[in-house]
Amino acid sequence: AWHASFNKWTVRYLYVPLGGKDNIQFTVWLIFIFVGLWHDLWWSWVAWAIANGLFFTVELLVTSEWKKPKYAFVRETSLWSIVS
């Protein structure tokens, strides 16, 4: 219950004012650092925030590269529709 309200608060008061999708790589890092510090000031939470920021940044970069037209032939194959 509180996770859902914390998620809504984070989106409403951090993600959207910081730029949302227009500035997604920056906002993802700030949100994860905020959530890590919000849980506690232990280094393990800071490391968790940095790791998640890194993983999401890699995912965003791969996703944006994958959407380019040069990979359209892979996405249009019948095998890809089965895999995805």
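Analysis parameters
Within any chain, residue numbers begin from 1 and follow the written order of that chain's sequence. Given that the model is predicted, a residue must reach a pLDDT of at least 70 before its local features are reported, and side-chain atom pairs must reach 80 or more before they are shown or counted; all residues, however, enter totals for whole chains, interfaces and linings. Excluded from the side-chain calculation are hydrogens and water; included are all heavy atoms of the structure. Strands are runs of DSSP state E lasting at least 2 residues, helices are runs of H or I lasting at least 4, and numbering of each runs from the N terminus. Burial classes: relative accessible area under 20% of the type maximum marks a residue as buried, over 50% as exposed, and values in between as partly exposed (1.4 Å probe, protein chains only). A contact between two residues is defined here by any heavy atoms of the two lying within 4.5 Å. Whether two aromatic rings pair depends on their centres lying within 6.5 Å, for rings of Phe, Tyr and Trp, where Trp uses its six-membered ring; planes under 30 degrees apart make the pair stacked, over 60 edge-to-face, and the rest tilted. Just to be clear on terms, a salt bridge is a Lys or Arg side-chain nitrogen sitting within 4 Å of an Asp or Glu carboxyl oxygen. Between the first and last residue of a helix there are one fewer steps than residues, each counted as 1.5 Å, and that sum is the expected span.

Engineer: Summarise the environment of L14; cite the residues concerned and give the values.
Structural biologist: In this fold, L14 is placed in helix α1 (residues 2–15). By relative accessible area, which is 18% here, L14 ends up buried. C-alpha of L14 to C-alpha of F34: the two residues are 20 residues apart in sequence and 9.3 Å apart in space. Every residue in contact with L14, bar those within four places of it in the chain, is listed here: W9, I31 and F34.

Engineer: I'd like a description of the side chain of T27, backed by residues and values.
Structural biologist: Looking at where T27 falls in the secondary structure, it is placed in helix α2 (residues 24–39). When near neighbours in sequence (up to four residues on either side) are disregarded, T27 contacts Y15, L18, G19 and G20.

Engineer: Which residues make up the packing of aromatic side chains, and what are the values?
Structural biologist: The geometry of an aromatic ring pair comes down to the distance between the two centres and the angle between the two planes. One pass over the full model with this rule turns up 9 aromatic pairs. Summarising the aromatic geometry, the rings of F6 and W38 are spaced 4.3 Å apart at their centres and angled 20 degrees between planes, so their arrangement reads as stacked. Here F6, found in helix α1, pairs with W38, found in helix α2; they are 32 residues apart in sequence, far enough to count as distant. Grouped by ring-pair contacts, the aromatic residues F6, W9, Y13, F34 and W38 constitute a single cluster.

Engineer: Help me get a handle on the pattern of salt bridges, residues and values and all.
Structural biologist: Tallied over the full model, the rule gives 2 salt bridges. Of the charged contacts in the structure, one is a salt bridge between K68 and E65, with a shortest N-O distance of 3.0 Å. Judged by its relative accessible area of 28%, E65 falls in the partly exposed class. With a closest N to O distance of 3.4 Å, K70 and E65 form a salt bridge.

Engineer: For helix α3 (residues 43–66), give the residues involved together with the corresponding values.
Structural biologist: With 24 residues, α3 ought to run about 34 Å at 1.5 Å a step, and its terminal C-alpha atoms sit 34 Å apart, in line with that. The set of residues buried in α3 consists of A49, N52, G53 and T57. Where α3 is buried, its residues meet α2.

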